[in-house]
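Residue strings, one per chain:
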Amino acid sequence: MASDKTEPKGQSNEVVDHTSKAVDNASKEMIKKARIDCVDICYDRADAQRNQCAFGKSGVCCRICHMGPCRITPKAPKGICGADAATIVARNFLREVVGGTASHSDHGRHLALKLRNVALGEGNGYTIRDEKALYRVAKLYEIETEGREVNDIALDLANLFIDEFTVQEYPLATLKLAPLKQQSIWKNTGTAPFGIDRMCVEAMHRTHMGVDHDYKNILMHAFRTSLADGWGGARIASMTSDILFGTPNPIKSEANMGVLGANTVNILVHGHEPTLSEMLAATVNDPEILEYAKSVGAEGVTIAGICCTANEVLMRHGVVVAGNMLQQELAIVTGAVEMMVIDVQCCMPSLPEVAARYHTEIVSTSEIAKMHGATHLGFDEEHPVESAKNIIKRACDNYKNRDPEKVQIPNDKSNLIAGFSVEAIKYMLGGKFRASFRPLNDAIIANRIFGVVGIVGCNNPKQTADEYATILTKELIKRNILVLQTGCAAIAAGKAGMLQPEFGLEDAGPGLREICEAVGIPPVLHLGSCVDNSRILEAASEIVFEGGLGDDIGGLPAVGVAPEWMSEKAIAIGCYFVASGVDVVLGNEFYVSGSENVTKFLFEDAKEIFGGSFHLIEDPYEATDRICEIINEAREALGINKKAERKLFDMQDRRELDV
Ligand code: NFS
Ligand code: SF4
């Protein structure tokens, strides 16, 4: 029997080695350390949850009313009210889409309200940092800018955004930013969303007991709701962040737990909304803070990010990244974290328990996201600079409690370049005076670049963390496919060293390599957080507008992939990509297998309606092949599938001629 010290505290008595659940060495090292430190992490809890409910997994469990819960089986094919499997599965699916849409959109709403306050002169330390972005976005919405004060323009824009949440009987203004063909598909199928809030409320109404029972009608509203996310809430979040905090530009940084400082006060920022983390990033270099850190015996303060808060401050300030979703607990296990500041979404409720084994303080900052065992410091939005400084100083005060015996910071970290907003990509492609997507379109038409794939989404303990995403990325660039990434998938690529211009120089297909070298971009581009998936929609629209590749997003040689997704937000993202015409590959399943009709609708029929559908492919190599087929079909349809013209008559050609 092992001693108390090494015996795992998990609910199960079995000692399972979880190091194989991650691909990167830093994670493996910390998974081991967690076991030694007797800390339960998600993998231990996943073992305890091993026999996951088959009803839940197939989507046939309904607890929408209290005559139930009802579960569909061959012997009991109807719920007590008479609802069949299709109705129940579709209702559950729609509610998941609402969860995702609401999360992205509420984040967007907070930013829109912040922009309004700034415009009204009540920014309290927040300002419009990127006036060019303001003008650019105002122009998109046909807001008059000539001879007007910046704040007046910002106020009009903020009010327009806020209206997008509440508009009752008209489609979202943001839909007009899509290619006309997409707009007409949405109009003709009744999926052009009205106000974001209205879509979510209506979805909850439709799925109440005894309302909408036609699975197709329910699923069409799922797509409609998701469009209110991608073309509404998420897009508003990205655009407003650019205006308030700056449009990202290529910037260097590093990723993985090796970014933590052995002799600095380490603060992790985790969650999604950039409002507070922006302030922390802006104040951390203040001489007052440095002096304070020195006064507690540290060399300085290191701020490092987890999840999408990481992506937000990485994209704009190059703030280092400690890890993605499944590293949130592991980063604390290093024993070197003075404070983890959490805001909203994807923050595990286990954090305070993990932190309790070390000296780490978990600080929650959002009124809508509190955690038992965390210190709630409620961010004072009226005095953000002071508030940020106080939080950092509090972390410094905790430095003395760091126990050197418990500290083990992995060495691993990789260099990376992030910050590829659509504006930045355009600029890199065409230069300052001719910024455009033309060179990319031409490269696709000439088959130097075979297609474009967006790899997005989370980690999931059901899979080996980062494995699918990194294998797929490597395989795609070999096949001359340009890869765009966001969210935790982008962090996975960063940790794997794939976000550097020199990455793939040997592995990337020759056409892609030639373009990347000429333009000076890596073959894998980090576009930001998950709300920044709207940047992928934006890029796709720009490619369409540029011309030569058809008239709609659905016709582009492009595919979306959510290899290791886990969140409702990922479902909403998948749906708005499909409803925008893009085929989406899932690396793990939706909970819809309990209804053949629902499955067929999402995985086949959607293609007829929108131009794209879902595909479940659990193996990354198989996914690569299928993605290439889909891209090839699109290229055939566009009539651009000629062989790439050769620039030079090489030896091979000469020999062939001699024969
Ligand atoms: Ni996206 Fe970003 Fe990560 Fe998944 Fe969570 S952090 S919003 S949901 S886990 S990619
Ligand atoms: Fe059961 Fe119908 Fe109530 Fe669902 S809505 S719990 S299927 S009775």
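Values in this document were obtained by computation on a predicted structure and should not be read as measured data.

A short note on the overall build of the protein
Turning to step 1, where the next piece is worked out: Each helix and strand counted, the protein has 25 helices and 16 strands in total.
Turning to step 2, where the next piece is worked out: For 659 residues, the compact-globule formula gives about 26 Å, and the C-alpha radius of gyration of the protein, at 25 Å, lands near that figure.
Turning to step 3, where the next piece is worked out: Over its C-alpha atoms, taken along the principal directions, the protein stretches across nearly 70 × 65 × 65 Å.
Turning to step 4, where the next piece is worked out: Here the protein, with 659 residues, has 61% of them falling under the buried criterion.
Turning to step 5, where the next piece is worked out: Nonlocal contacts in the protein, meaning residues at least 24 apart in sequence, comprise 76% of its contacts between residues at least 6 apart.
Turning to step 6, where the next piece is worked out: Total accessible area computed for the protein in this model is approximately 26,600 Å², and 50% of it derives from carbon and sulfur atoms.
Turning to step 7, where the next piece is worked out: Separation of charge centres in the protein, based on 67 positive and 89 negative side chains, amounts to 2 Å.

Quick notes on unusual backbone geometry
Turning to step 1, where the next piece is worked out: In this chain, Gly 68 is followed by Pro 69 through a cis amide linkage whose omega measures 5°.
Turning to step 2, where the next piece is worked out: Although it is not a glycine, Gln 345 adopts a positive phi angle of roughly 70°.
Turning to step 3, where the next piece is worked out: Counting through the fold element by element, Gln 345 comes out in the loop between β7 (339-342) and α14 (351-356).

With respect to the packing of helix α6 (residues 150-166) against helix α8 (residues 196-206)
Turning to step 1, where the next piece is worked out: Running from N to C, α6 and α8 cross one another at 15°; their axes reach a closest spacing of 3 Å. Accordingly, the angle class assigned to the pair α6 and α8 is roughly parallel. Contacts between α6 and α8 pair Glu 164, Phe 165 and Thr 166 from the former with Ile 196, Asp 197 and Arg 198 from the latter.
Turning to step 2, where the next piece is worked out: Looking at the contact of α6 with α8, its residues break down into 2 nonpolar, 1 polar and 3 charged.

Topic: the packing of aromatic side chains
Turning to step 1, where the next piece is worked out: Under the criterion given, the structure shown has 11 aromatic pairs.
Turning to step 2, where the next piece is worked out: Taking the centre distance of 5.5 Å and the plane angle of 70° together, the rings of Trp 565 and Phe 590 count as edge-to-face. Placement of the pair is Trp 565 in the loop between β14 (558-562) and α22 (568-579) and Phe 590 in the loop between β15 (583-586) and α23 (596-610), with a sequence separation of 25 residues. In terms of burial, Trp 565 and Phe 590 fall into one category: buried.
Turning to step 3, where the next piece is worked out: Residues Phe 590 and Phe 603 carry aromatic rings whose centres are separated by 6.1 Å and whose planes lie at 65° to one another, so their mutual orientation is edge-to-face.

Description of the site of ligand 2
Turning to step 1, where the next piece is worked out: Around ligand 2, the neighbouring residues are Cys 62, Ile 64, Cys 65, Met 67, Gly 68, Cys 70, Gly 79, Ile 80, Cys 81, Ile 88, Arg 91 and Met 209.
Turning to step 2, where the next piece is worked out: Grouping the constituent residues of the shell around ligand 2 by class yields 9 nonpolar, 2 polar and 1 charged.

Observations regarding the confidence of the model for the protein
Turning to step 1, where the next piece is worked out: With 95% of its residues at a pLDDT of 70 or more, the protein has an overall mean of 94.
Turning to step 2, where the next piece is worked out: Overall, residues 1-12 carries pLDDT values under 50, and its contacts beyond four positions in sequence, including any with other chains, amount to 16 contacts.

Comments concerning the side chain of Asn 324
Turning to step 1, where the next piece is worked out: Looking at the element boundaries, Asn 324 is found in the loop between β6 (320-323) and α13 (328-333).
Turning to step 2, where the next piece is worked out: One polar contact links the side chain of Asn 324 to the main-chain carbonyl oxygen of Cys 488, over a distance of 3.1 Å.
Turning to step 3, where the next piece is worked out: Excluding its chain neighbours within four sequence positions, the residues that come into contact with Asn 324 are Ile 306, Cys 307, Asn 459, Asp 466, Cys 488, Ile 491, Ala 492 and Lys 495.

Digging into the pairing of β15
Turning to step 1, where the next piece is worked out: What you see with β15 is no split at all: Asp 583 and Val 585 on one side and Val 584 and Leu 586 on the other are buried throughout.
Turning to step 2, where the next piece is worked out: As defined by bridge partners, β14 adjoins β15 across 4 bridges and the pair is classed as parallel. Residue pairing for β15: Val 559 is matched across the bridge by Asp 583.
Turning to step 3, where the next piece is worked out: Taking the sense of rotation as the criterion, the β-α-β connection linking β14, α22 and β15 turns out right-handed.

Some details on the sheet that holds strand β12 (residues 481-486)
Turning to step 1, where the next piece is worked out: The 6 strands are arranged β13-β12-β11-β14-β15-β16 in an open sheet whose pairing can be described as parallel. Unpaired on one side and paired on the other, β13 (524-528) and β16 (614-616) mark the two borders of the sheet. In this sheet, neighbouring strand axes are inclined to one another by 25° on average, regardless of whether the strands run parallel or antiparallel.
Turning to step 2, where the next piece is worked out: As paired elements, β12 and β13 share 4 bridges and run parallel to each other.

Describing the coordination of the nickel atom of ligand 1
Turning to step 1, where the next piece is worked out: Just one protein atom coordinates the nickel atom of ligand 1, and that atom is Cys 530 (SG), at 2.2 Å.
Turning to step 2, where the next piece is worked out: Given 4 donor atoms and angles of 90 to 164° at the metal, the environment of the nickel atom of ligand 1 is assigned as irregular.
Turning to step 3, where the next piece is worked out: On the secondary structure map, Cys 530 appears in the loop between β13 and α21 (533-546).

Let's talk about the nonpolar core
Turning to step 1, where the next piece is worked out: Counting 180 residues, the largest nonpolar core has Phe 93, Phe 223, Val 301, Phe 590, Leu 602, Phe 614 and Ile 627 as the members making the most contacts within it.
Turning to step 2, where the next piece is worked out: Top element by residues in this core is helix α9 (residues 215-245). It accounts for 16 residues.
Turning to step 3, where the next piece is worked out: Sequence-distant contacts of Phe 614, defined by excluding residues within four places in its chain, comprise Phe 223, Gly 574, Cys 575, Val 578, Val 584, Leu 586, Phe 590, Leu 602 and Phe 603.
Turning to step 4, where the next piece is worked out: Within the second largest apolar cluster, 40 residues are counted, among which are Tyr 43, Val 259, Leu 268 and Leu 326.

Examining the packing of helix α16 (residues 422-430) against α21
Turning to step 1, where the next piece is worked out: Interaxial distance between α16 and α21 falls to 10 Å at its minimum, and their mutual angle equals 40°. The pairing of α16 with α21 is recorded here as oblique in orientation. When α16 is examined against α21, the residues Val 422, Glu 423 and Lys 426 are found in contact with a partner set consisting of Arg 535, Glu 538, Ala 539 and Glu 542.
Turning to step 2, where the next piece is worked out: Looking at the contact of α16 with α21 residue by residue, the classes come out as 2 nonpolar, no polar and 5 charged.

Examining the pattern of salt bridges
Where side chains of opposite charge bring their charged atoms close, a pairing between them can arise.
Turning to step 1, where the next piece is worked out: Inspection of the entire model under this criterion finds 37 salt bridges.
Turning to step 2, where the next piece is worked out: With its nearest N and O atoms 2.7 Å apart, the salt bridge here joins Lys 495 to Asp 466. Pair noted here: Lys 495 is in helix α19 (residues 487-495) and Asp 466 is in the loop between β11 (451-455) and α18 (467-478), with a separation of 29 residues, a long-range link.
Turning to step 3, where the next piece is worked out: When its relative accessible area of 8% is taken as the criterion, Lys 495 is described as buried.
Turning to step 4, where the next piece is worked out: Judged by relative accessible area, Asp 466 falls into the buried class, the value being 3%.
Turning to step 5, where the next piece is worked out: Overlapping salt bridges bring together Asp 242, Glu 312, Arg 316, Asp 532 and Arg 535 as one network.

Points about the environment of Glu 122
Turning to step 1, where the next piece is worked out: Locating Glu 122 in the fold gives a position in the loop between α4 (85-119) and α5 (131-140).
Turning to step 2, where the next piece is worked out: Assessed through its relative accessible area of 45%, Glu 122 is described here as partly exposed.
Turning to step 3, where the next piece is worked out: Note: C-alpha distance between Glu 122 and Arg 394 (272 residues apart in sequence) is 27 Å.

Procedures and definitions
- Residues numbered from 1 in each chain as written.
- Chains lettered and ligands numbered in written order.
- Predicted model: local features only at pLDDT ≥ 70, side-chain atom pairs only at ≥ 80, totals over all residues.
- Heavy atoms only, no water.
- Helix = DSSP H or I, 4+ residues; strand = E, 2+ residues; numbered from the N terminus.
- Rg over C-alpha atoms; globule rule 2.2 N^0.38 Å.
- Buried < 20%, exposed > 50% of the residue type's maximum accessible area, 1.4 Å probe, protein only.
- Contact = heavy atoms within 4.5 Å.
- Areas by Shrake-Rupley, 256 points an atom, 1.4 Å probe, with all protein chains shown as cover.
- Lys, Arg positive; Asp, Glu negative; His and termini not counted.
- Charge placed at Lys NZ, Arg CZ, Asp CG, Glu CD.
- Axes fitted to C-alpha atoms, helices over the stretch in contact; angles between N-to-C directions.
- Parallel < 35°, antiparallel > 145°, perpendicular 65-115°, else oblique.
- Nonpolar A, V, L, I, M, F, W, Y, C, P; charged D, E, K, R; others polar.
- Phe/Tyr/Trp six-rings, centres within 6.5 Å; stacked < 30°, edge-to-face > 60°.
- Near = heavy atom within 4 Å.
- pLDDT = per-residue confidence, 0-100.
- Polar contact = N/O pair within 3.5 Å; in protein donor to acceptor, adjacent residues only side chain to side chain.
- Pairing = 2+ DSSP bridges.
- Right-handed = clockwise from strand over helix to strand, strands pointing away.
- Donors = N, O, S within 2.8 Å, 3.2 Å for Na, K, Ca; no water.
- Tetrahedral: all angles 85-135°; square planar, octahedral: opposite > 155°, others 65-115°.
- Core = buried A, V, L, I, M, F, W, Y, C linked by side-chain atoms within 4.5 Å.
- Salt bridge = Lys/Arg side-chain N within 4 Å of Asp/Glu carboxyl O.

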